[in-house]
Amino acid sequence: MASKSHRLLVVVSILEGRHFPRRPRLSLVVRASFDGEQLATDPVEHRDRPPFSTELAWELDRRTLQQHRLQRTPIKLQCFAIDSETKRSESVGYVVLDLRSVHEEPRWFPLLSSRYTKPRPALLVGAALESDAKPAEPSPDGFKAKKAPPRRGPAGRLEATLEATLEATLIPEQGYHQVGPADLCSDMFVLSVTVAFATKLEQLIPSTTKLSAEGPGFFFYYSLLGNDITSEPFGSLLSPDFEPERASVRIRSSKPVLRAFLSQQPGLQIHLCCGTRSLGGTDVPLAALSAVCVDLENKAATVEGAFVLQPPGRSNRAPSALPADLQPTVGVAVTLRREEVTPQFLGTKEARCDPPAAERPASSPPPLPPPSSHTESEAESLLEELPVQQQQGRTEAAAEGGASSVSVSAPKVSVPSSAHHYCFSLDLRSLRNLSPSHAIAATLRYSYHFFGSAAPIMTRPPLELQRNAEASPPQSYCAFDFAAVAQQLQDTFLRVPLVVEVWHKDSTSGDQLIGRASLQLSHLLSCERTRLLSSAGEPSWRQTHHERVAALSPQRDSEKVAELSYVATLDDFGLVKAREVVVVDSSQSEPAPTQPPPHSAAPGPMAPPRDTLEYRTALELELWKEEQEDLFDDQLRRKELSHMKALALEWRRRDGEREALVQKKEAEFSALEETLQRTLSDLETREKQLAEAELETRRLQKELQAEHHLAHRELQEAGRRLQQDCDHRVALERDKVRQVEEERGRLLQQMSDAEARYKQLDKEFQLFREQQNVRPEFRLQSEVNLLTLEKVELERKLESTTKSKLHYKQQWGRALKELARFKQREQENAMTRLKKQQAELEAMRLRYLATEQKEAVQLERRELDDIKNQLNRLKQQEDRLGPAPTLSPNGGAEEHLSRLLEERDTLLRTGVYTHEDRIISELNRQIQEAMREGAEL
């Protein structure tokens, strides 16, 4: 565990922000995530420049910091807007800081994925790396001597060396590279890179380009500590036949310094080249060697796997459209060990790449993007691919490497470390329910190329099977041992069923195919796994599946011929130990043409023409010619055969290219078909959604139209009823006005009669006065009596008139109250059902009623004025005649005052008039005058 003095603080300062919109109800909070811990600032006001002024710190040691730097762990700052009432938070944006820029000055970082776009908000953020060494607390005993500063010893130098940027320096005299200071470099290490195998390289060539157009020479290129390394050239991308190769460099350093150096190094870029052009490349991370927890004293640290090759124009992080089994891969192993340890490798070719003797190509390929993902290669594909130009490639490699110290052996292929050892066994138990009426001699036959054997498996001798009987075939158990990747096994079992054929052995008519039974091996993968121990004591897993399947007729698929019962077992013995496969190539040499044997001529005696030397010489010459013709024909046949073999090989090579191109095209078309299927499904989903939305819109439109028509009819009906009600009430009011007019006319007639009688009485009174002047006492008394009677009669009539007037006023008040209640009820109904139109109608009605009421009030005022004038005249006459014996002036004033008060209160209770109306003001004035008159009296 690191001491406290070696712990560091990663401090992130969040100073302020800018270009934030003003939102009073919200507050801003910045949350920072790093090293599995989340810190947050205090909430600040959501305004244009929020002042955060907060420092967030994480404590960690140097090793953890170095690992984060290697993994490029980011520091993510997320800005949130929090509602102060609901406590709901919404993301405003985020900022990503690189841990390698912790020593930079504070600068503005715009928020990514921000919801505020114009302008984009930004944060003023700074990052720093500080030491977490705490000062010693002062002693309570007083002053003590301070400790001397630490000396620059080996430990201090080692720490400074680990923090600095390390480089590998070549020491040509000693033949190694030195990493770090010389006094700290005491150990020798060997860094080795092995390129073992490659698969599916043809996928790097565009489908529009022929494989043969790229040239015959392909090789792998990489640079190891400044030394350019190239693999053995190979001629075919379909079957790369280069030998596994290991390149090693010696490094003088120490374990901590070397780990720090490897952690600082970028990935090892390996390119597949053709001439001076790079067809694809991948990155092998060297920094992973420093993270491997292995004691280099006893064991080597290794990083190995199958790395995906990416074309130069594509980023390694971009997902590939090809499936995993069609991606181009290269098997690479990188090993770091001490020089005394002897590691075991997959390859057989080792090239010690000392820096002075390193060969460099004419032009290096450009650097490619960073590390790609790892995939597994298939051992079966390596075993099945036979190189077409293997002998030529080995000869060229030997010619090129003749001047070097590289040893070449037969090519070997390594089984990948992810392959498992499987054992598949099949036991065909019984055959029953035979549909043919005659007996058959049944033989079962099947084959499955995935198990490594193309020869069919057959049961023998033939089984005699009768109709409606069940029998077990002899020698029906067979087991297969093979190695495969788990994913490949699962894919094969899912795609390819095992077909068992039922044959009838007939000596007369030959073998006949009775039916076929398809065994779905995918059912075996879903069975329960049982743990067992193998014969060697190693654990293994077993899956067993038992099933009955129907054997169908080859002529009619729906016709059932028989039922087959079988038991399938799959044993998984775990990972396969690394082993090598040697590919042997043999060639035949043509025999050289024979030369004719020499003939010697010997003289002899004369003989018949057939026995002469010339004849025999001519005969031998003809025989020799025939022999030479036969030899020449034989040579031509051999040449033709060799050319036909070459053509067949070329045909196989080009057929392989076509097959690879077809597979690539099929993969592309399948990917395009999947994309089209997804697009079509999306379009169908969208069409369904649009159709449903259209139907819903039509339904809502119909409902709205029906509601609108219903509301319109209701409004029309309500308006019609309101109009009829208004017309009826207007007619009633008109009848009441007509009655009031008639009553007014009657009262006017009575008043005119009363005035006529008053005039007549006045004349009589004048005549009486004249007569009284003649008869002062008797006549005066009689006239007084007569006038008293008339006065009583007039008072009675006045009282009746007043009562009728009060009755009219009560009727009028009730009508006004009823009108006010009707008005209020209609206003409430109009407020709930009708808005603008009913308001206008109500306003028109109110204006009409106001006009009617105004006219009625004016009529009442005129009547009141006439009555008042008449009363004033009567009062004046009474004042001239003298006080009546039966009436008192105070009583008349009080009666007049009470009448005015009653009229005012009646008008106010109707709700039609207010204190500001003119008639109420006039009644108030008359009441005040009546009160003053009563007070004077």
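Note: the structure precedes this text.
What you see is a predicted model; the values in this text were computed from it and never measured. Here the residue index of a chain counts from 1 through its sequence in written order. Reporting in this predicted model follows two pLDDT cut-offs: at least 70 for local features of residues, and 80 or more for side-chain atom pairs to be given and counted; totals over whole chains, interfaces and linings ignore these cut-offs and use all residues. Note: side-chain values were computed over all heavy atoms of the structure, leaving out hydrogens and water.

K.L.:
Sorry, what's going on with the overall build of the chain here?
P.N.:
A count of helices and strands for the chain gives 13 helices and 32 strands. Throughout this description, buried means an accessible area under 20% of the type-specific maximum (1.4 Å probe, protein chains only), exposed means over 50%, and partly exposed covers the range between. Per-residue burial over the chain gives 33% buried out of 937 residues. Whether two residues are in contact is decided by their heavy atoms: any pair within 4.5 Å suffices. Contacts in the chain between residues at least 24 apart in sequence constitute 71% of all its contacts with a sequence separation of at least 6. The Shrake-Rupley method, run with a 1.4 Å probe sphere, supplies the accessible areas, and residue values consider only the shown protein chains as cover. Taken as a whole, the chain presents about 58,100 Å² of accessible surface, with 53% of it coming from carbon and sulfur. Every helix listed is a DSSP run of H or I at least four residues long, and every strand listed is a run of E at least two residues long, numbered separately from the N terminus.

K.L.:
Please explain the sheet that holds strand β16 (residues 268–274) as it appears in this structure.
P.N.:
What makes two strands pair is DSSP finding at least two bridges between them. Pairing in this open sheet of 4 strands is antiparallel, and the strands run β14-β13-β16-β17 from one edge to the other. Either end of the sheet is taken by a strand with one partner, and the two such strands are β14 (227–230) and β17 (277–284). Going from strand to strand, the sheet's axes swing by 25° on average, the running direction of each strand aside. With 4 bridges connecting them, strand β13 (residues 219–224) and β16 associate as antiparallel partners. Residue pairing across strands places Tyr222 opposite Ile270, the latter belonging to β16. Inter-axis angles, ranging from 0 to 180 degrees, are taken between N-to-C directions of lines fitted to C-alpha atoms, where helices are fitted over the stretch in contact.

K.L.:
Please explain the nonpolar core as it appears in this structure.
P.N.:
A general trend in soluble globular proteins is that nonpolar side chains are found buried together. To qualify as a nonpolar core, a set must consist of buried Ala, Val, Leu, Ile, Met, Phe, Trp, Tyr and Cys residues joined through side-chain atoms within 4.5 Å. Counting residues in hydrophobic clusters, the biggest one holds 42 residues, and the most contacted among them are Phe220, Tyr222 and Leu272. Of all elements in the fold, only β12 (187–199), β13, β15 (245–253), α3 (255–264), β16, β17, β18 (301–308) and β19 (329–338) reach the threshold of two or more residues within this core. Leave out the neighbours within four places in its chain, and Tyr222 touches Val193, Val195, Asn227, Asp228, Ile229, Ala247, Leu268, Gln269 and Ile270. Judged by nonpolar contacts, the second largest core, of 38 residues, contains Ile440, Phe450, Cys478 and Ile514.

K.L.:
Teacher, can you tell me more about the environment of Ile251 here?
P.N.:
Along the chain, the position of Ile251 falls in strand β15. Ile251 has contacts with His177, Val179, Asp187, Met188, Phe189, Leu191, Leu225 and Leu258, leaving out every residue within four places of it along the chain.

K.L.:
When you look at the pairing of β13 in this model, what are you seeing that I'm missing?
P.N.:
Within a regular strand, side chains alternate between the sheet's two faces. When you tally the buried positions in β13, you get 5 out of 6 residues, the bulk of the element. Here 4 bridges tie β13 to β14, and the two strands are oriented antiparallel to one another. Paired with Leu224 across the bridge in β14 is Asn227. Linking two consecutive strands that pair antiparallel, namely β13 and β14, is a turn of 2 residues; a positive phi of about 55° is found at Leu225 within it.

K.L.:
Would you explain the sheet that holds strand β9 (residues 122–131) in this entry?
P.N.:
The strands making up a sheet are joined through hydrogen bonds of the backbone, oriented either antiparallel or parallel. Taken in spatial order, the 4 strands line up as β5-β1-β9-β8 in an open sheet, and their pairing is antiparallel. Strand pairing shows two members of the sheet lacking a second neighbour, β5 (51–61) and β8 (107–110), which therefore form its edges. Direction aside, the axes of adjacent strands within the sheet are offset by 30° on average. Taken together, the 10 bridges between strand β1 (residues 7–18) and β9 define a ladder with antiparallel strand orientation. Within the sheet, the bridge partner assigned to Val11 lies in β9 and is Ala128. Across the face of the sheet, helix α1 (residues 62–70) comes into contact with β1, β5 and β9 while running at roughly 110° to β5.

K.L.:
When you look at the packing of aromatic side chains in this model, what are you seeing that I'm missing?
P.N.:
Geometry of an aromatic ring pair is reported as the spacing of the ring centres plus the angle between the planes. In summary, the pairing rule links any two rings of Phe, Tyr or Trp, Trp by its six-membered ring, whose centres are within 6.5 Å, and it sorts them by plane angle into stacked for under 30 degrees, edge-to-face for over 60 and tilted for everything else. Counting across every chain of the model gives 14 aromatic pairs. With a centroid separation of 4.8 Å and an interplanar angle of 40°, the aromatic rings of Tyr448 and Phe451 are classed as tilted. For the pair shown, Tyr448 and Phe451 are each scored as buried. Between Phe451 and Phe482, the aromatic rings sit 5.2 Å apart at their centres with planes inclined by 35°, giving tilted as the arrangement. In this pair, Phe451 is assigned in the loop between β23 (440–448) and β24 (453–458) and Phe482 in strand β26 (residues 477–484), connecting sequence segments 31 residues apart. Overall, the relative accessible area of 5% leaves Phe451 in the buried class. Our definition puts a charge over a ring when NZ of Lys or CZ of Arg is within 6 Å of the ring centre and also within 35 degrees of the ring normal. Note that Arg18 overlies the ring of Trp108, its terminal NZ or CZ placed 4.2 Å from the centroid. The cationic tip of Arg31 hangs over the ring face of Phe80; the distance from NZ or CZ to the ring centre is 4.6 Å.

K.L.:
I would appreciate a short explanation of helix α7 (residues 486–495) in the present structure.
P.N.:
Residue pairs three or four apart in sequence face the same way in an α-helix, which turns once every 3.6 residues. Those residues of α7 that fall on the buried side of the exposure criterion are Gln488, Leu489, Thr492 and Phe493. In an axial view of α7, the angular spread of the buried residues amounts to 125°, which keeps them on one side of the axis. In α7, the exposed positions angled more than 90 degrees off the buried face are occupied by Leu494 and Arg495. To obtain the arc, one takes the directions from the helix axis to the C-beta atoms.

K.L.:
Looking at this structure, how should I read helix α13 (residues 918–936)?
P.N.:
An ideal rise of 1.5 Å per residue puts 27 Å on 19 residues; α13 measures up with 27 Å between its terminal C-alpha atoms. What α13 keeps buried is the set Ile919, Ile920, Leu923, Asn924, Gln926, Ile927 and Ala930. One face of α13 carries all of its buried residues, which in axial projection span an arc of 165°. Of the exposed residues in α13, those oriented more than 90 degrees away from the buried face are Arg918, Ala935 and Glu936. In this scheme, a helix's expected span is set at 1.5 Å multiplied by one less than its residue total.

K.L.:
Explanation requested: a nonpolar patch on the surface in the structure shown.
P.N.:
A contiguous nonpolar surface patch, about 270 Å² in accessible area, is contributed by Tyr615, Leu619 and Leu623. Position of Leu623 relative to the elements: it lies in helix α9 (residues 613–774). Put simply, a patch holds well-exposed residues, over 30% relative accessible area, that have no salt bridge, with like charges counted together within 9 Å and Val, Leu, Ile, Met, Phe, Trp or Tyr side chains within 5 Å. What counts as a salt bridge is simple: a side-chain nitrogen of Lys or Arg found within 4 Å of a carboxyl oxygen of Asp or Glu.

K.L.:
Would you take a moment to explain a positive patch on the surface for this structure?
P.N.:
Positive charges come from Lys and Arg alone, negative charges from Asp and Glu alone, with His and the N- and C-terminal ends not counted. Charged groups are reduced to one reference atom each: NZ for lysine, CZ for arginine, CG for aspartic acid, CD for glutamic acid. On the surface, a cluster of positive charge is made up of Lys736, Arg814, Lys817, Arg821, Arg825 and Arg909. Broken down by element, the residue count for the positive patch peaks at 4 residues, all from helix α10 (residues 778–833). In this fold, Arg909 is placed in helix α12 (residues 889–909).

K.L.:
Can you walk me through the pairing of strand β11 (residues 176–179) in this structure?
P.N.:
Side chains Tyr176 and Gln178 of β11 all project onto a buried face; the interleaved residues His177 and Val179 project onto the opposite face, where all are buried too. Across 4 bridges, the pairing between strand β10 (residues 168–171) and β11 is antiparallel. The residue bridging Ile171 from the neighbouring strand is Tyr176, located in β11. In textbook terms, the turn of a hairpin is the stretch between consecutive antiparallel strands, and for β10 and β11 this stretch comprises 4 residues, one of which, Gly175, has a positive phi near 75°. Bridge count between β11 and β15: 2 bridges; the pairing is parallel. Residue pairing in the sheet places His177 in a bridge with Ile251 of β15.

The values are spatial; any link to function lies outside them.
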